[in-house]
Amino acid sequence: MTQHSAYTSDVIIVGAGPTGLALAGELALAGVDCRILERREEVSNLTRAFAVHARTLELLDARGLAEDVIRRGVRLEQVQGLPGATLDLSQLDSKYPMLLIAPQSATEAVLEASDEKRGVVIERGAEVIGLEQSPSTVQLTIADRDGQRTETARYVVACDGAHSRVRELLGVGFTGKQYETHIILADVQLSGPAARWRAPDGAHHPARGA
Ligand SMILES: Cc1cc2nc3c(=O)[nH]c(=O)nc-3n(C[C@H](O)[C@H](O)[C@H](O)COP(=O)(O)OP(=O)(O)OC[C@H]3O[C@@H](n4cnc5c(N)ncnc54)[C@H](O)[C@@H]3O)c2cc1C
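This structure is a prediction, so every number in the text was calculated from the model and none was measured.

Checked against the element boundaries, glutamate 123 lands in strand S8 (residues 121-124). Among the polar contacts listed, one links the side chain of glutamate 123 to the side chain of arginine 35, at a separation of 2.7 Å. Not counting the four nearest positions on each side in its chain, glutamate 123 is found in contact with Arg35, Ile36, Leu37, Glu38, Asp144, Arg149 and Glu151.

Okay, structure coming up:
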């Protein structure tokens, strides 16, 4: 059953991944009224974007958040992207001359805590399934545990990931092309100490704690 549409905020952000959480923090800091809708019921515990680069840490540092993320990760000063090609990141002209290996869920937890301090509301279990635009507003159809409802905002920002439903609803194409490489990332519990694993093509995959 679709309930009545409610005007909830100036900006509705769809997706509480790192992009949506970072955007909400910036908007709140600028005094913009915004909230986040996230389809997951629970806070994510997934590793996904585990390589946090120096520039990202610099940007987090600008908001006083870098040390919190660093505390939750492992520092790497050298990486071997290809056989025989070792990058010495300790030479980087940065406050953070390293690659930080930290689960995406850790970065999200830090951003979320900061957003909450700034008064951002994150509604979980709210999946955007429909969108209609008028010249001055956007109306979203949202599925949640109580059924369906609509909400209206001045702006909606699609931060709902690579397979964005909002992009699909808007009919916006995915331009460019995908990498031809396939990556498999699994969150598993190891029975023994972590080790480094080298794929047959020579790519090097440092495991956390290795
Ligand atoms: C295997 C793998 C490894 C990766 N490794 C790295 C890495 O090492 N370093 C790095 O920087 N990046 C890495 N990435 C890329 C990284 O995961 C993405 O760049 C990052 O997740 C993008 O963040 P985001 O917030 O835009 O989207 P996402 O993290 O995908 O977040 C989107 C959010 O939107 C929510 N959502 C989706 N649809 C809806 C809807 N209809 N309504 C409401 N909510 C919705 C989702 O539940 C999700 O929480 C990797 C990606 C993969 C797949």
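Note: α-helices contain 3.6 residues per turn, so residues at a spacing of three or four share the same orientation. Every buried residue belonging to helix H2 (residues 54-62) is among Ala54, Leu57 and Leu60, and all of these are buried. An end-on view of H2 places all buried positions within 120° of arc, on one side of the element. H2 presents Arg55 and Ala62 as exposed residues on the side facing more than 90 degrees away from its buried surface. Where H2 is buried, its residues touch strand S3 (51-52), helix H3 (66-71), strand S7 (99-101) and helix H4 (104-117). Glycine 64 sits one or two residues past H2 and shows a positive phi near 70°.

Mapped onto the fold, valine 110 is located in helix H4. A sequence separation of 23 residues divides valine 110 from leucine 87, and the C-alpha atoms of the two residues are 28 Å apart.

Taking 1.5 Å per residue, twelve residues should reach 16 Å; helix H1 (residues 18-29) reaches 16 Å between its end C-alpha atoms and fits that length. Within the span of H1, buried status applies to Gly20, Leu21, Ala24, Gly25, Leu27 and Ala28. Within H1, the buried residues cover an arc of 165° as seen down the axis, which keeps them to one side. On the buried face of H1, the contacting elements are strand S1 (6-14), strand S2 (34-38), H4 and S8.

Let us now look at the environment of glycine 25. Relative to the helices and strands, glycine 25 resides in helix H1. Glycine 25 sits in the buried class, given a relative accessible area of 2%. Sequence separation between glycine 25 and leucine 59 is 34 residues, and the spatial gap between their C-alpha atoms is 12 Å. Those residues within four positions of glycine 25 in sequence are excluded, and the remaining contacts are Asp115 and Arg118.

In this section: the side chain of threonine 107. Within the element layout of this structure, threonine 107 appears in helix H4. Those residues in contact with threonine 107, other than ones at most four positions away along the chain, are Val52 and Val69.

It is worth spelling out the sheet that holds strand S9 (residues 127-133) at this point. What links the strands of a sheet is backbone hydrogen bonding, and the strands pair in either a parallel or an antiparallel sense. Reading across the sheet, the six strands line up as S8-S2-S1-S11-S10-S9 and stay open at both edges, with mixed pairing between neighbours. In this open sheet, the two edge strands, each paired with only one partner strand, are S8 and S9. This sheet shows a mean twist of 45° between the axes of neighbouring strands, independent of strand direction. Relative to strand S11 (residues 147-158), S1 runs parallel, the two being bridged by seven bridges. Counterpart to serine 9 in the pairing with S11 is alanine 153. On top of the sheet, H1 reaches S1, S2, S8 and S11; it is set at about 165° to S2, its chief contact.

Below, the discussion takes up the sheet that holds S7. Ordered by their spatial adjacency, three strands build an open sheet running S3-S7-S4, and the pairing between neighbours is antiparallel. Here the strands that pair on one side only, and so sit at the sheet edges, are S3 and strand S4 (74-76).

Here the focus is the pairing of S1. As paired strands, S1 and S2 are joined by four bridges and run parallel to one another. Counted as the bridge partner of valine 14 is leucine 37 from S2. Read as a crossover between parallel neighbours, the route from S1 over H1 to S2 is right-handed.

The next point concerns the layout of surface pockets. The calculated volume of the second largest pocket comes to roughly 720 Å³. Among the secondary structure elements, those contributing two or more residues to the lining of the second largest pocket are H1, S2, H4, S9 and helix H5 (165-170). Here the residues of the lining of the second largest pocket are counted per class, giving twelve nonpolar, seven polar and ten charged.

What counts, and at which threshold
- Residues numbered from 1 in each chain as written.
- Predicted model: local features only at pLDDT ≥ 70, side-chain atom pairs only at ≥ 80, totals over all residues.
- Heavy atoms only, no water.
- Helix = DSSP H or I, 4+ residues; strand = E, 2+ residues; numbered from the N terminus.
- Polar contact = N/O pair within 3.5 Å; in protein donor to acceptor, adjacent residues only side chain to side chain.
- Contact = heavy atoms within 4.5 Å.
- Buried < 20%, exposed > 50% of the residue type's maximum accessible area, 1.4 Å probe, protein only.
- Arc of directions from axis to C-beta.
- Expected span 1.5 Å × (residues − 1).
- Pairing = 2+ DSSP bridges.
- Axes fitted to C-alpha atoms, helices over the stretch in contact; angles between N-to-C directions.
- Right-handed = clockwise from strand over helix to strand, strands pointing away.
- 1 Å grid on protein atoms, 1.4 Å probe; cavity = no way out; pocket = protein on both sides within 12 Å on 5 of 7 lines; lining within 4 Å.
- Points joined across faces, edges and corners; volume = space filled by probe spheres on them.
- Nonpolar A, V, L, I, M, F, W, Y, C, P; charged D, E, K, R; others polar.

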